[in-house]
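Single-letter residue listing:
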Amino acid sequence: MASIKVRSMAMANSLRRENRERRTLEVMVRLYCRESHAQESDLCAHCQHLLDYAFERIENCPWGDDKPTCANCSVHCYRAEERMQILQQMRYAGPRMLRRHPVLAILHLLDKGRASDLESLRAHRDRRRLQADAS
Ligand SMILES: [Zn+2]
C-alpha cells in the first residue's frame, strides 16, 4: 500500500516535471520567435513546427517516468537539424528567461541537475534553519 502511494507520487512528480518542461520550452520558443522573427503573438510556422517536434519528442521519450530534461539526456533523439535549431533558441532565450520568468527558469535549472542541485538546496536551507535557531 505504502509503496503504491510512493510510486504514484513519483509519477505525479514526473508528470509535473514533464509539463513544466513543455511549458518552459514553449515560453522559450515564443520568446525567441517574438524577438527574432518579429512575431506579435502567435508563433511563425517555422517555430510552431519546431515546438510541435519538441513536444512530440517528449511524448515519445524512451525514459518514461524517469525522463531527465532533454538538455541533460544521454539519448539524442532529436534529428540533427531540429537539435541545432532548438539549441540555438535555448541559448538565446535562456539568459532572458531568468529575467522574465525567474521561477520557471529556476525550476528548469533544478530539473536539469535534479539530484545535485536539490542536495545543495537542502544543505542551504538547513544552514539557514540552523542560523535561525541559533539567533
Ligand atoms: Zn519564429
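So, here is what we can say about the structure in this document.

Parameters at a glance
- Residues numbered from 1 in each chain as written.
- Predicted model: local features only at pLDDT ≥ 70, side-chain atom pairs only at ≥ 80, totals over all residues.
- Helix = DSSP H or I, 4+ residues; strand = E, 2+ residues; numbered from the N terminus.
- Buried ≥ 20, exposed ≤ 12 C-beta atoms within 10 Å, placed from the backbone.
- Contact = placed C-beta atoms within 7 Å.
- Core = buried A, V, L, I, M, F, W, Y, C linked by C-beta atoms within 7 Å.
- Axes fitted to C-alpha atoms, helices over the stretch in contact; angles between N-to-C directions.
- Parallel < 35°, antiparallel > 145°, perpendicular 65-115°, else oblique.
- Nonpolar A, V, L, I, M, F, W, Y, C, P; charged D, E, K, R; others polar.
- Expected span 1.5 Å × (residues − 1).
- Bend = angle between axes of the 7 residues up to and from the residue.
- Arc of directions from axis to C-beta.

It is worth spelling out the overall build of the chain at this point. Counting its regular elements, the chain contains five helices and zero strands. For the chain, the succession of helices and strands along the chain, N to C, is α-α-α-α-α. Here the chain, with 135 residues, has 16% of them falling under the buried criterion. Pairs at least 24 apart in sequence give 64% of the contacts found in the chain among residues at least 6 apart.

The biggest cluster of nonpolar side chains holds 13 residues, and the ones touching the most others in it are Met28, Val29, Leu50 and Leu51. For Val29, the residues in contact, after removing those within four places along its chain, are Leu43, Cys47, Leu50, Leu51 and Gln89.

Let us now look at the environment of Val27. On the secondary structure map, Val27 appears in helix 1 (residues 2-36). Val27 gets classed as partly exposed once you count the C-beta atoms within 10 Å, which come to 17. The sequence separation of Val27 and Ala93 amounts to 66 residues, and the corresponding C-alpha distance is 8.8 Å. Among all residues touching Val27, those that are not within four sequence positions of it are Met97, His101 and Leu104.

You can see Leu15 is positioned in helix 1. Along the primary structure Leu15 and Asp66 are separated by 51 residues, whereas in three dimensions their C-alpha atoms are 10.0 Å apart.

Another point: the packing of helix 2 (residues 45-59) against helix 3 (residues 80-100). Interaxial distance between helix 2 and helix 3 falls to 11 Å at its minimum, and their mutual angle equals 105°. Considering their axes alone, helix 2 and helix 3 lie roughly perpendicular with respect to each other. Every residue of helix 3 that contacts helix 2 at Leu50, Tyr53 and Ala54 is listed here: Glu82, Gln85 and Ile86. Residue classes in the contact of helix 2 with helix 3 are distributed as four nonpolar, one polar and one charged.

Right, let's talk about helix 3 for a bit. Here helix 3 spans 29 Å end to end across 21 residues, near enough to the 30 Å set by a 1.5 Å rise per residue. Bending of helix 3 peaks at approximately 40° at the position of Gly94, with proline Pro95 no more than four residues after it. Among the residues of helix 3, Gln85, Ile86, Gln89, Ala93 and Met97 are the ones counted as buried.

Right, let's get into helix 2. With 15 residues, helix 2 extends 21 Å between its outermost C-alpha atoms, agreeing within 8% with the 21 Å of an ideal straight helix rising 1.5 Å per residue. Every buried residue of helix 2 is accounted for by Cys47, Leu50, Leu51 and Ala54. All buried residues of helix 2 lie within an arc of 95° about the axis, which places them on one face of the element. Facing away from the buried side of helix 2 by more than 90 degrees, the exposed set consists of Ala45, Asp52, Glu56 and Glu59.

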